[in-house]
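Structure at a glance
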Amino acid sequence: EEKRPLKVLFLSSDTGGGHRASAEALGKQFLIQYPGSTYELADLWTDHGVLPYRTLVNTYKHMSAHPLQWKIFYHLSNTKLNEVCANLHSKLTCGRRIKDRLKSHDPDVIISVHPTMNHTPLVKTQQLSKELGKHIPFFTVVTDLGSGHCMWFEKNVDKLYVASDRLYKLARRRGGTPPERLVLTGLPIRHGFAVQAEQLGDRTSSQGKDYQRNMKVELGMDGDKPVVLVMGGGEGVGSLSDIVNELYAELYQQGVDATICVVCGRNEKLKEDLLTRDFDQVVRDIKSKRRTGRKRRFLSRIFRRKAKGDSEEMVLTENSTGRGQITVVPLGFVSKVPEYMVAADILVSKAGPGTIAEAASVGLPVMMTSFLPGQEAGNVEVVLEKGFGAYKHRPAEIANVVTSWLQNDELMASMSKAALAAGNPHAADEIVRDIGQQTVAWMNLNEK
Ligand code: UDP
């Protein structure tokens, strides 16, 4: 196996944190496996696109905060008609500049980790290859987990890497990618997860438990209390605040001692707010809300009508014992996600593909609290199918289920094992090994 330095160009865009995270994970692997290599990230649409491509990042930011708008946009764009029109339009309006940009990078290999960076960049790479009289290999690594937009799947890439059976089937059906060019690996996640997964092993074993306890202490937490890690994605969006309140109140009422670690991302305001929040008052408010719910149900039984806002979770907490010792730890943007996921016993998060793949890689059960329509719906299905988590949307229900998990060691152990079986901490390593070999082979051939 020949090792030589490679010049790698990733095509990505900061629509969410996951694409960049995967590109970085792959880039680091190139540095490890092919010493002396270099890699760069290029966002072709922001730099060279016309409208509407140029404003992709801001459009995404706006729409991901307005799920209904996103749903309409996603489903309208995820059609053959849009694919054909957008590909043609982008090629005609931006093709020349994109080719010039690719030429100026002069890469040995191009890797797209973004659904919008496939058709036109691939066609331009093929033209450039012809012009230069050498083959520049072009790969796509799909950074989604359970659902994939049709623009991910280009038939003529050198290889297409996907992270789940669902995406494998989708690539065959929608993209017509032949099996010899389609590889099922896992989602590339940062190297730190492979390191931690190796050290932790099975977190239900006594060795795993010791490692986890030490990690909790190392991160400044109580080693003997379970840790619930609440993450809202890179931007700290979602109803994190309500989830933390309900979780605190439920754990307290059920007498479960725990640490709630809240990753607020770039949401500084939430972090400040959590630092000064009076959680005793939060518990009193939630208790009174539940009492009102009980009264309403009682009256509704008398008047034989269904009470408005009546729900299951209000009944479930009535047999509480009270007084769990809860510590809330608000964090900003966390770079030690692998370590925090080792320390955690349960992850509470939106159904981001990267976050879910990361949790699975270290055997961490997941409670999913929201998902972006279309794009992230399949991620929920993957977690449910593989049996390492659940989906609940209402904060009170989330709190109720998470607390019941913490009281059920057997269920926790089986979910953790299911997560381990579903995850692949070595995906980036495997993908780079495969891409690297093909790239070196092409470089040798090109030089002859
Ligand atoms: N993340 C991080 N630090 C934080 C919050 C999030 O490193 O404080 C990372 C997280 O580990 C994951 C990425 O941000 O790798 C989020 O990617 P995902 O695909 O889950 O969601 P997206 O942001 O792309 O919608």
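Heads up: the structure comes first, above all this text.
The notes below deal with the structure included here.

A word on the overall build of the protein
Looking only at helices and strands, the protein has 19 helices and twelve strands in total. Relative to the 2.2 N^0.38 estimate, which gives 22 Å for 448 residues, the radius of gyration of the protein is 24 Å and therefore close to what a compact globule would have. Each principal axis of the C-alpha distribution contributes one length, and for the protein these read about 80 × 50 × 40 Å. For the protein, the residues scored as buried account for 54% of the 448 residues in total. For the protein, contacts bridging at least 24 residues in sequence account for 71% of all contacts bridging at least 6. Where the 59 positive side-chain charges of the protein centre and where its 51 negative ones centre are 6 Å apart.

Here's the deal with the environment of N58
In this fold, N58 is placed in helix α3 (residues 56-64). Expressed as a C-alpha distance, the spacing of N58 and T15, which sit 43 residues apart in the sequence, is 8.1 Å.

Re a nonpolar patch on the surface
A cluster of nonpolar residues, F298, L299, I302 and F303, forms a patch on the protein surface that exposes about 440 Å² of accessible area. For I302, the position within the fold is in helix α12 (residues 279-302).

A few points about the site of the ligand
The local shell around the ligand holds 18 residues, among which G18, R190, V334, T355 and E358 are the closest. Within the backbone of G354, one N or O atom sits 2.9 Å away from an oxygen atom of the ligand. Here an oxygen atom of the ligand sits 2.5 Å away from a polar atom, N or O, in the side chain of T355. Taking 540 Å² as the accessible area of the ligand by itself, protein coverage stands at 93%. At the level of secondary structure, the elements contributing two or more residues to the shell around the ligand comprise α1 (18-33) and α15 (353-361).

Quick look at the pattern of salt bridges
In the structure shown here, the tally under the stated rule is 20 salt bridges. One salt bridge in this structure joins E83 and K80, with 3.6 Å as the shortest N-O distance. Remark: K80 and E83 occur in helix α5 (residues 80-105); sequence separation between them is three residues, near one turn of the helix. Accessibility expressed as a relative area gives 10% for E83, which makes it buried. You can call K80 exposed: its relative accessible area is 53%. Between D202 and K417 there is a salt bridge whose closest N-O contact spans 2.8 Å. Remark: K417 occurs in helix α18 (residues 409-422) and D202 occurs in the loop between α8 (191-200) and α9 (206-218); sequence separation between them is 215 residues. Judged by its relative accessible area of 25%, D202 is partly exposed. Judged by its relative accessible area of 43%, K417 falls in the partly exposed class. One continuous salt-bridge network, built from bridges that share partners, spans E246, E250, K289 and R290.

Notes on the sheet that holds strand β5 (residues 159-162)
Here six strands make up an open sheet; going across it, the order is β2-β1-β3-β4-β5-β6 and the pairing parallel. At either end of the open sheet lies a strand with only one pairing partner, and these are β2 (38-42) and β6 (182-184). Pairwise comparison of adjacent strand axes, ignoring direction, gives a mean angle of 20° for this sheet. Two strands pair when backbone bridges link them, and strand β3 (residues 109-112) and strand β4 (residues 138-141) are joined in this way by three bridges, in the parallel orientation. Within β4, the residue paired with S112 across the bridge is T140. α5 rests against β1 (7-11), β2 and β3 of the sheet, and its axis sits at about 150° to β1.

Comments concerning the packing of aromatic side chains
Considering all chains together, one arrives at ten aromatic pairs under this definition. For the pair W70 and F73, a centre-to-centre distance of 5.5 Å together with 45° between the ring planes defines the contact as tilted. With W70 and F73 both in helix α4 (residues 67-77) and three residues apart, this pair spans about one turn of that helix. Residue classification places W70 among the buried positions, given a relative accessible area of 7%.

Quick look at the side chain of S147
Here S147 lies in the loop between β4 and β5. At a separation of 3.2 Å, a polar atom in the side chain of S147 contacts the main-chain carbonyl oxygen of G374. Other than its neighbours up to four places away in sequence, S147 contacts L167, G374, Q375, E376, A377, G378 and N379.

So, the sheet that holds strand β10 (residues 346-349)
Ordered by their spatial adjacency, six strands build an open sheet running β9-β8-β7-β10-β11-β12, and the pairing between neighbours is parallel. Each having just a single partner strand, β9 (326-331) and β12 (389-391) make up the two edges of the open sheet. On average, each strand axis in the sheet is inclined to that of its neighbour by 15°, with strand direction left out of account. One ladder, built from three bridges, connects β10 with strand β11 (residues 366-368); its direction is parallel. Across the sheet, L347 pairs through a bridge with V366, a residue of β11.

Parameters at a glance
Residues numbered from 1 in each chain as written. Predicted model: local features only at pLDDT ≥ 70, side-chain atom pairs only at ≥ 80, totals over all residues. Heavy atoms only, no water. Helix = DSSP H or I, 4+ residues; strand = E, 2+ residues; numbered from the N terminus. Rg over C-alpha atoms; globule rule 2.2 N^0.38 Å. Buried < 20%, exposed > 50% of the residue type's maximum accessible area, 1.4 Å probe, protein only. Contact = heavy atoms within 4.5 Å. Lys, Arg positive; Asp, Glu negative; His and termini not counted. Charge placed at Lys NZ, Arg CZ, Asp CG, Glu CD. Patch = residues over 30% accessible without salt bridge, like charges linked within 9 Å, V, L, I, M, F, W, Y side chains within 5 Å. Areas by Shrake-Rupley, 256 points an atom, 1.4 Å probe, with all protein chains shown as cover. Salt bridge = Lys/Arg side-chain N within 4 Å of Asp/Glu carboxyl O. Near = heavy atom within 4 Å. Polar contact = N/O pair within 3.5 Å; in protein donor to acceptor, adjacent residues only side chain to side chain. Pairing = 2+ DSSP bridges. Axes fitted to C-alpha atoms, helices over the stretch in contact; angles between N-to-C directions. Phe/Tyr/Trp six-rings, centres within 6.5 Å; stacked < 30°, edge-to-face > 60°.

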